[in-house]
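Each chain, written out:
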Amino acid sequence: MTDGSETLYLCGNSLGLQSLDAAAALGDVMTDWAELGIEGYFSGDNPWADYGTELRASEGRLVGAHPEEVIVMNSLTVNINLLMVSFYRPTADRFRIIIEDHTFPSDQYAFREQIRYHGFDPDEALIILPRRDEEDWHRTEDILRVIEEYGSSTALVMLGGVNYYTGQLFDMPTITKAGHDAGCIVGWDLAHAAGNVPLHLHDWDVDFACWCHYKYVNAGPAAPGGAFVHERFSRRPDLKRFAGWWGHNRSTRFQWVDEFDPEPGAAGWQMTNTPILSTAPLKASLAMFDEIGMPAIRAKSMKLTGYLRQLLEAIGTGFDIMTPPDPEQHGAQLSLRVHGTNGRAVFDILKQNGVICDWRNPNCIRISPAPLYNSFEDVRRFAIIFREALEETAE
Ligand SMILES: Cc1ncc(COP(=O)(O)O)c(C=O)c1O
């Protein structure tokens, strides 16, 4: 903290901490800008014209995609809207969008306005997956039943790979296949999944996906987002889309032709030039993910969060865990529901004791030990402070 007091940072689900190499990567860009000016686009060690393109191999490894299928661009909600221009093409017979309960509000706003934009009624077109009483998460078999029931009138199935509120990790390959079997396009919001759990977007046959890099990828506040478009759409200039010069064919981008000729792959959706300053910390972070690899990150994450659950279960009373009990059905985050009316008071006590986590109305505290910088000792200390906070506020 700025006042020198010690903190316990368990908020990687919201904003990841700065990587050790982030400042140097940013410094390199500042130096190139100072020394090269406009020449920085095509000279220096990291020419800016290729800055985003160069990250595609690492991005591909992060989400299980071919380099051509991914792109760093814009930010998450912008990318959801942009990709929906191509992948939400409702007709009178097929206009619905299937989403999970507790879909992140930004996504819901995007879905509702996209539906209205196409002349449909969001209250009719949005199908929110039901949950069973007493369960905060969705069961895969229930999701498949809804897809079967509404699939023939559904244009798009779009869930969060890991739900922001409950922390549930969905069975993405099974749901993607069910959506396809019903003739739907299947997209994923991977804000809480990228850098948190292993992803195999290409092999799972996902149509498109978007994510941010400021949570588990640690690329800094409002870092540029990532997008995936499956290779089967790579050379489909006929797909409706919004366009701009950075998505134009690289070989003629600077020949100032009038007609848009999309670059093959996800880059064809890029539109605008890469924000170099805010992409620099991402470059540093992706190098770290390349070095460590998602399997090792996930292995430590499962142990850390498993330990957290074990300690929480030993406390037992005053709260329950909203995240599914099966470790294969969640990532780093556990969502805790404090019983009674003291949730906010518990959260405030955590804060007074240096714990940085987050609160989601009406009664949810999200805790996310991030394997890249949290330790088992952090988890143990949290459990002690949490137990004391529950005792202090017991009604
Ligand atoms: C699941 C999910 N979707 C969308 C967003 C919105 O992100 P942005 O403001 O980068 O568009 C967030 C932000 O936390 C999120 O968690």
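A short tour of the structure in this document, coming up.

Reading the values: rules and limits
- Residues numbered from 1 in each chain as written.
- Predicted model: local features only at pLDDT ≥ 70, side-chain atom pairs only at ≥ 80, totals over all residues.
- Heavy atoms only, no water.
- Patch = residues over 30% accessible without salt bridge, like charges linked within 9 Å, V, L, I, M, F, W, Y side chains within 5 Å.
- Areas by Shrake-Rupley, 256 points an atom, 1.4 Å probe, with all protein chains shown as cover.
- Salt bridge = Lys/Arg side-chain N within 4 Å of Asp/Glu carboxyl O.
- Helix = DSSP H or I, 4+ residues; strand = E, 2+ residues; numbered from the N terminus.
- Buried < 20%, exposed > 50% of the residue type's maximum accessible area, 1.4 Å probe, protein only.
- Pairing = 2+ DSSP bridges.
- Axes fitted to C-alpha atoms, helices over the stretch in contact; angles between N-to-C directions.
- Contact = heavy atoms within 4.5 Å.
- Near = heavy atom within 4 Å.
- Polar contact = N/O pair within 3.5 Å; in protein donor to acceptor, adjacent residues only side chain to side chain.
- Nonpolar A, V, L, I, M, F, W, Y, C, P; charged D, E, K, R; others polar.

1. Section: a nonpolar patch on the surface
Now for step 1: On the surface, a cluster of nonpolar side chains totalling about 370 Å² of accessible area is made up of Leu26, Met30, Trp33 and Leu277.
Now for step 2: Here the nonpolar patch takes three residues from helix H1 (residues 22–36), the largest share from any one element.

2. Focus: the pattern of salt bridges
Should their charged atoms come close, side chains of opposite charge can pair.
Now for step 1: Within the structure shown, the criterion is met by 24 salt bridges.
Now for step 2: The shortest N-O distance in the salt bridge between Glu113 and Arg116 comes to 2.6 Å. Highlighted residues: Glu113 and Arg116, both in helix H4 (residues 105–117), separated by three residues, approximately one helical turn.
Now for step 3: With a shortest N-O distance of 3.7 Å, Glu391 and Arg387 are connected by a salt bridge. Of the two residues, Glu391 and Arg387 both sit in helix H11 (residues 376–393), four residues apart, roughly one turn of that helix.
Now for step 4: Given a relative accessible area of 53%, Glu391 falls into the exposed group.
Now for step 5: Arg387 gets classed as partly exposed once you look at its relative accessible area, which sits at 36%.
Now for step 6: One network of salt bridges, in which partners are shared, links Arg132, Glu135, Arg139, Glu141, Asp142 and Arg145.

3. A few points about the environment of Ile38
Now for step 1: Position of Ile38 relative to the elements: it lies in the loop between H1 and helix H2 (56–63).
Now for step 2: Taking the C-alpha atoms as reference, Ile38 lies 9.5 Å from Trp48; in sequence the two are ten residues apart.

4. Details of the sheet that holds strand E3 (residues 96–99)
Now for step 1: Spatially, E2-E8-E7-E6-E5-E3-E4 is the arrangement adopted by the seven strands of the open sheet, whose pairing is mixed. Both edges of this open sheet fall to strand E2 (70–73) and strand E4 (126–128), since each of them pairs with a single strand only. Here the average twist between neighbouring strands, direction ignored, is 20°.
Now for step 2: Across three bridges, strand E6 (residues 185–189) lies against strand E7 (residues 208–211) in parallel orientation. In the strand pairing of E7, Trp188 is matched with Ala209.
Now for step 3: Relative to the sheet, helix H6 (residues 140–150) contacts E3, E4 and strand E5 (154–160), its axis offset from that of E3 by approximately 175°.

5. Quick look at the site of the ligand
Now for step 1: What surrounds the ligand is the set Leu76, Thr77, Phe104, Asp107, Asp189, Ala191, His192, Tyr214 and Lys215.
Now for step 2: The separation between a nitrogen atom of the ligand and a polar side-chain atom of Asp107 is 2.9 Å.
Now for step 3: One nitrogen or oxygen atom from the side chain of Lys215 is found 2.8 Å from an oxygen atom belonging to the ligand.
Now for step 4: Its free accessible area being 390 Å², the ligand has 80% of it covered by the protein chains.
Now for step 5: Partitioned by chemical class, the residues of the shell around the ligand number four nonpolar, two polar and three charged.

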